Structures are given as C-alpha cells and as structure tokens.
Amino acid sequence: MAATQSVTGTMSVSSHGNGVKEISEAGSYLTSNSSTPVKPARQLSDSNHNCLQELKEALIPKMVEVDQSAAVTSPKNPPPSSEESPESGKGLTNGKTLENGSNESNPESVLGHQHLFKAKSFNELLMEEEFLSSVFHHVSVPDRSLFTLVCKRWRDILNQPRYWRGVTPILHKRDLYEDGIEGSKEFTTLTTFELREFESVCLVSVSDMDICEFIDHCPTTKRTLKAISLRRSTVTDAGLEVMLEQLGAVSSLELSGCNDFTEAGLWASLQPRLVALSISDCINVADESVAAIAQRLPNLHELNFQAYHVTDGVLGCLVALRGGSLSTLRLKSCWELTNQAVVNLVHCLPQLTTLSLSGCSKITDEGVEMIAANMGKLTSLDLSWCPRVTDAALEYVACDLSKLEELTLDRCVRITDTGVGFLATLGRLRSLYLRWCSQVQDFGLQNLLQVPSLRVLSVAGCPLLTTAGLSRLSQVKQLEELELTNCPGASEELLIYLKKSLPSCTLIH
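The residue numbering used here restarts from 1 in each chain and proceeds along that chain's sequence as written. Only residues with pLDDT of 70 or above have their local features reported here, since the model is predicted, and side-chain atom pairs are shown and tallied only from 80 upward, although totals for entire chains, interfaces and linings are computed over all residues. Values shown for side chains rest on all heavy atoms present in the structure; no hydrogens or waters enter the calculation.

S.K.: Describe in detail the overall build of the protein chain, supporting the description with residues and values.
M.R.: Secondary structure counts use DSSP, requiring at least four H or I residues in a row for a helix and at least two E residues in a row for a strand, with both numbered from the N terminus. Scanning the protein chain from terminus to terminus reveals 19 helices and 19 strands. Accessible area is worked out with a 1.4 Å probe on protein chains only. A residue is then buried under 20% of its type maximum, exposed over 50%, and partly exposed in between. Burial status across the protein chain gives 50% buried among its 509 residues. Methods summary: accessible areas were calculated by the Shrake-Rupley approach with a probe of 1.4 Å, and residue burial reflects only the protein chains presented. Looking at the protein chain as shown, the accessible area adds up to about 22,300 Å², and 50% of this sits on carbon and sulfur atoms.

S.K.: So, the packing of aromatic side chains: which residues are in play, and what are the values?
M.R.: Stacked, edge-to-face and tilted are the three classes for Phe, Tyr and Trp ring pairs, Trp counted by its six-membered ring, which pair at centre distances within 6.5 Å; planes under 30 degrees apart are stacked, over 60 edge-to-face, the rest tilted. Scanning all chains against the criterion turns up nine aromatic pairs. Taken together, the ring pairs in this structure connect Phe136, Phe147, Trp154 and Tyr163 into an aromatic cluster. Between arginine 196 and the ring centre of tryptophan 164, over which it is positioned, the NZ or CZ distance is 4.0 Å. Cation placement over rings: the criterion is NZ of Lys or CZ of Arg within 6 Å of the ring centroid and within 35° of the ring normal.

S.K.: Outline the pattern of salt bridges, listing residues and values.
M.R.: Salt bridge, as used here: a side-chain nitrogen of Lys or Arg that lies within 4 Å of a carboxyl oxygen of Asp or Glu. The tally for this structure, following the rule as stated, stands at 13 salt bridges. Across the pair lysine 173 and aspartate 210 runs a salt bridge whose closest N-O atoms are separated by 2.6 Å. Taken as a pair, lysine 173 in the loop between β4 (168-172) and β5 (177-179) and aspartate 210 in helix α8 (residues 208-217) lie far apart in primary sequence, 37 residues in all. Measuring nitrogen to oxygen at the nearest pair gives 3.9 Å for the salt bridge that ties glutamate 197 to arginine 223. Of this pair, glutamate 197 sits in the loop between α7 (191-196) and β7 (200-204) while arginine 223 sits in helix α9 (residues 221-224); the two residues are 26 residues apart in sequence, bridging distant segments of the chain.

S.K.: Can you lay out the packing of α8 against helix α10 (residues 237-246) for me, pointing to particular residues and giving the numbers?
M.R.: Whenever a helix is involved, its axis is fitted only over the stretch in contact; in every case the axis is a line through C-alpha atoms, and angles between N-to-C directions fall within 0 to 180 degrees. At a minimum axis distance of 9 Å, the contact between α8 and α10 shows a crossing angle of 15 degrees. One way to sum up the angle between α8 and α10 is to call them roughly parallel. The element α8 and its partner α10 pack so that their crossing is left-handed. Between α8, through Asp208, Ile211, Cys212 and Ile215, and α10, the contact on the second element is made entirely by Gly239, Val242, Met243 and Gln246. When grouped by side-chain class, the residues that make up the contact of α8 with α10 number five nonpolar, two polar and one charged. In these notes the angle categories are as follows: under 35 degrees is roughly parallel, over 145 is roughly antiparallel, 65 to 115 is roughly perpendicular, and the rest is oblique. Handedness of a crossing is defined here by the sense of rotation of the near helix relative to the far one, left-handed for an anticlockwise turn of less than a right angle and right-handed for a clockwise turn. We call two residues in contact when some of their heavy atoms are within 4.5 Å. Classes in brief: Ala, Val, Leu, Ile, Met, Phe, Trp, Tyr, Cys and Pro nonpolar; Asp, Glu, Lys and Arg charged; the others, Gly included, polar.

S.K.: Give a description of the pairing of β4 that names residues and reports values.
M.R.: Where burial is concerned, most of β4 is hidden: five out of the five residues are buried. On β4, burial covers both faces: Thr168, Ile170 and His172 on one face and Pro169 and Leu171 on the other are all buried. Relative to β7, β4 runs parallel, the two being bridged by three bridges. Bridged to histidine 172 within β7 is valine 204. In short, DSSP must find at least two bridges between two strands for them to pair.

S.K.: Tell me about the pairing of strand β11 (residues 302-305), residues and numbers included.
M.R.: Judged by which residues are buried, β11 turns out to be covered on both faces: Glu302 and Asn304 on one side and Leu303 and Phe305 on the other are all buried. Across four bridges, strand β10 (residues 276-280) lies against β11 in parallel orientation. Along β11, the bridge assignment pairs serine 278 with asparagine 304. One crossover worth recording links β10 to the parallel β11 by way of helix α12 (residues 287-296), and it is right-handed. Looking down the strands as they point away from the viewer, one classifies a crossover as right-handed if the path from the first strand across the helix to the second runs clockwise.

S.K.: Before we move on, could you go through α10 and cite the residues and values that matter?
M.R.: Taken residue by residue, α10 has Gly239, Leu240, Met243 and Leu244 as its buried positions. In a view along the axis of α10, the buried residues occupy a sector of 125 degrees, so they form one face of it. Here the buried face of α10 lies against α8, β8 (227-231), β9 (252-256) and α11 (263-269). Note: the arc covers the axis-to-C-beta directions of the helix.

S.K.: Run through the side chain of serine 356, naming residues and quoting values.
M.R.: Mapping serine 356 onto the fold places it in strand β13 (residues 354-356). With a relative accessible area of 7%, serine 356 lands in the buried category. Pairing of N or O atoms within 3.5 Å defines a polar contact, subject to two protein rules: one partner must be a possible hydrogen donor and the other a possible acceptor, and residues neighboring in sequence count only if both atoms are side-chain atoms. In this structure the side chain of serine 356 is engaged in a polar contact, spanning 3.4 Å, whose partner is the backbone nitrogen of serine 358. Polar side-chain contacts of serine 356 include one of 3.4 Å to the side chain of aspartate 382. When neighbours within four sequence positions are excluded, serine 356 is seen to be in contact with Leu329, Arg330, Leu331 and Asp382.

S.K.: Could you give an account of helix α14 (residues 365-374), with specific residues and numbers?
M.R.: Those residues of α14 that sit buried are Asp365, Gly367, Val368, Ile371 and Ala372. For α14, the buried positions fall inside an angular range of 155 degrees around the axis, keeping them on one side.

S.K.: Could you give an account of the confidence of the model for the protein chain, naming the residues involved and the relevant values?
M.R.: Confidence of the prediction at every residue is given by pLDDT, a number between 0 and 100. Put simply, the protein chain has an average pLDDT of 83, and 77% of its residues get 70 or more. Between residues 32-50, whose pLDDT stays under 50, and residues either more than four places distant or in other chains, the model counts 38 contacts.

S.K.: Mind laying out the packing of helix α13 (residues 339-348) against α14, listing which residues take part and the relevant values?
M.R.: A packed helix pair is summarised by two numbers, namely the angle formed by the two axes and the spacing between the axes. Contact pair α13 / α14: the axes reach a minimum separation of 9 Å and the direction vectors enclose 10 degrees. With respect to α14, the axis of α13 lies roughly parallel. Contact with α13, carried on its side by Asn339, Val342, Val343 and Val346, involves Glu366, Gly367, Met370, Ile371 and Asn374 of α14 and no other residues of that element. Here the contact of α13 with α14 is composed, by residue class, of five nonpolar, three polar and one charged.

S.K.: Can you tell me about unusual backbone geometry, naming the residues and giving the values?
M.R.: If you check the backbone angles, serine 205 has positive phi at about 60 degrees while not being a glycine. Following the sequence through the fold, serine 205 ends up in the loop between β7 and α8. The phi torsion at arginine 232 lies on the positive side, around 50 degrees, for a residue other than glycine. With respect to the helices, strands and loops of the structure, arginine 232 is situated in the loop between β8 and α10.

S.K.: Just give me the short version of the side chain of glutamate 263, but keep the residues and values in it.
M.R.: Along the polypeptide, glutamate 263 turns up in helix α11. In this structure the side chain of glutamate 263 is engaged in a polar contact, spanning 3.0 Å, whose partner is the backbone nitrogen of serine 289. Sequence-distant contacts of glutamate 263, defined by excluding residues within four places in its chain, comprise Asn284, Val285, Ala286, Asp287, Glu288 and Ser289.

S.K.: Residues and numbers for the environment of arginine 153, please.
M.R.: Within the element layout of this structure, arginine 153 appears in helix α6 (residues 152-158). Separated by 24 residues in sequence, arginine 153 and glutamate 129 have C-alpha atoms that sit 8.8 Å apart.

This is how it looks when you write it as structure tokens:
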C-alpha cells in the first residue's frame, strides 16, 4: 500500500447540465501533491465575475514556472526583443503590462520565449492544449478538479488519465446514488471517473451490493484498477470474494474498519496476485488471518497488519514467506506480541528491509537485540509506543544495523541522551523521529550534529529541550525538515533564527 497516500475528505458529484456527472469536490482525493494552490476558478458563464481576468491573475505565476522549465529545455528560444514588430501583436485584445514587465496580451511575451505556443492572444492561449498541459501539471490536484468547471475544453483536457496518475478518489456510499423517481435511489453515472482511468479508489461505508453496482456501472475498473481500499464498510466474505474475482487487475488491497468479513473469508478470497495488503481495525481478524495471508499470498511485498489479539506462535506461519518477496512488514498495536514473536520473525523473515512494531508494548531491549543481530538488511525501523525499550536497545541498533536510514522512536519514554548518542554512529541515518521522548535533553540533541546524512528530524513534544539546545540545530545545514511542535523551547525568536540559518529546511511548529 505504499503507493496509496492517506487523507480525509468526501467525494461529491455535480452535474454540468449535459447529463455528465463530474467529480468536483477538491477535498475528495488522496494525494501527496504539495504544489501551491492557485486561486479557484469560477465557471466562465458566470456573468457576475470577470473570470478570464481572474484566471489570468491565477495562472501567471504558474506560467512563470512553465517558463523556467521551458528555458532549460528550449535554450534556443531567446526572449523577444523590445523592438519586436507590431505585427507580432496583431489581433491581441490589449497591451497591459504585467508586474514582471511582460505584455499579457502576447503569450510569447508572458512566457518569455518565441514560438513556444501558437496562440496570438491570451484568450487563445487559454484554449491551447499544449500550453494548458504545461500549466495543469504545475497545479495542485484539488485545483485541477476545480478547473474542470471552467469550460468544456478544459474539462476534456483535464479528464485525460495522465493528470490523475497517483491520485485516489474517495467515494462514499452517498456519492454512488442519486434520487430517482418517487424517492427511489438510482446509481449515479460516473462518466468522469471512467474517463480518468484511476488506478486506485477508496470506497467508504459501502456494502456488498454497493461494490457490485460500482463494478457493473464502471466496467473499465476491471481493467484499470490496481488498488482498492474499503473503509468502515459492511463487506462480507461473499462480497470480498466476488470483488477480487471481478477486479482482476487489483494487486493492492486495504481493509480498514470492516467488521463483517471473517477469517474464513480471507482464506476463500485472497488471490496470489496480491502484492500489498493492509488490514486494520477489523474485529474478526486474529491468528487464523495471519495463516491465511502466509499461505495464500506467496508474492506479497508489503503487509500492514493491526490486530489486538494476534499471538506469538502464529507468526511462525510466516516461514512460508521466508526468502520470498516480502520486504515490508508493519505490525501495529499487536498488544499480545512479546519477544517470542520477534524470535519467530527473525527466523522467518530475515530479508525484511522495513519493520514496524509500533504499539507492540511488550517488546523489550532483548527483542530489539535479536532484530539487530539477525535483520541486517533493515533500512527502516519503527519502535514507537514501545515503552519498555531503553538506551540499551539503541546501542544494539547502532552496532548492527549499519544500513538503517529511518528510525522512529516516538513515545519511547525511557530513552535518554545516552541512547541518542549511540545513534550518532549510524552513517546512513536520514530520518529520526523522537516525538514525545520526555527524557531527551540538549546534550543528546548535540550528538546529532555529528550525523552528516541526517535530513529529517522530529523532536516534537520533547519538554526538556531548551531554546539554546535547539538553536544548535542551525549547524545541521543539510536538514530538509525539522519538527518542533509542542516544544517549550521553540520560541518565536528561535524559529526566526532557524528559518534564516536553514533556508532550505521546512520548519513544522
């Protein structure tokens, strides 16, 4: 499920008056796109607003970005001369000068490159697909959704699948139906959904029948859909089996908060083609589920599993995946697991590169020692919310896990400056999370100044860190992200100082 990003929101479906249903709400997608949103577009038909002028103002910053990209790829196109002939402006609507000194009526002047686009006016430029394609790729996903409301031309261009790769729409049950005759409910027409050929979808609060209706009314999903997530849904064993049979291209499955399927359903429905599986907050999931996963999914690459009542012994079933393709295992809040579970893990899955035991509160230093001694390929380790882990565990990690790039120790309340000092010897460590480690002080933080590979650091909620100690982080010039949320020592003056000292670092506070 690594390719599926998490977010919250709801999907809405609106009509354009021509029978086509448009997915339009900006908060209805899962995406990691972090580009700066532009001003939302209004429909061109709205006579109360000068929409073209508004779009010009919104798009010009994006055009500058396109211009900079074009300057790299098109070095032979020089900027227009200030003595350019009047013919070049023939047919232009006006001659206003933009803040950057360019002429907004001439697309060549706006972009700073001759012959980059064919349009002779700004209005023509706003309809030229080559230009719009360049701009749309610089626009955030929510704004792409809004821009489909501008006009049919923009909608046709933006409905092309290339603009929606890596985006997961969220569809609630209420979004799948519309009012019919005499108060009946009819399945809505998701024409836009099919045109965009989404490779993943998240369905919320749906039943077996809803899933079947969705597949029947969107037949292209049988070919294009590679990942599906069901959240807070009443899918049963039969529904799960039918869904995975119908959606033959699906290789990634997430089940979260689904309490109506059983472990027998997993045995019957899991398909060997699945390479990523995530199960969480499903009350009927326990030991037998792990056995089903191990036996039915020989090609599994990633397993995210959260179940309160999984026991140590059943992890021995994972021996069926020994030496296989499984590289990522996340066991979250499996409260019953002890160090004996770790013995089984290191025996069955020495090939793991990512391991999370977050919330497995019975794991101790001895368990971490076994992990360090037997899982030398690990590049990411998560021991957050493991309150029995102490500095000794970090010494084992520092000595034996030389390939480690990411370490999460949130809420490991027994860790002190001594343990943090051990981590300074990890030559490849890029990301370190120490949120709410209540015993870490300035001296421990100073040890991290010696880690040249460190790029991401979180000390959120560490109450003993002072302003003086945090200010020393200004020496870590390679930092790309620093989280100081709920740090008493993170004063306004400190934040200003760090922003100035670390201009390339994102400060979270």
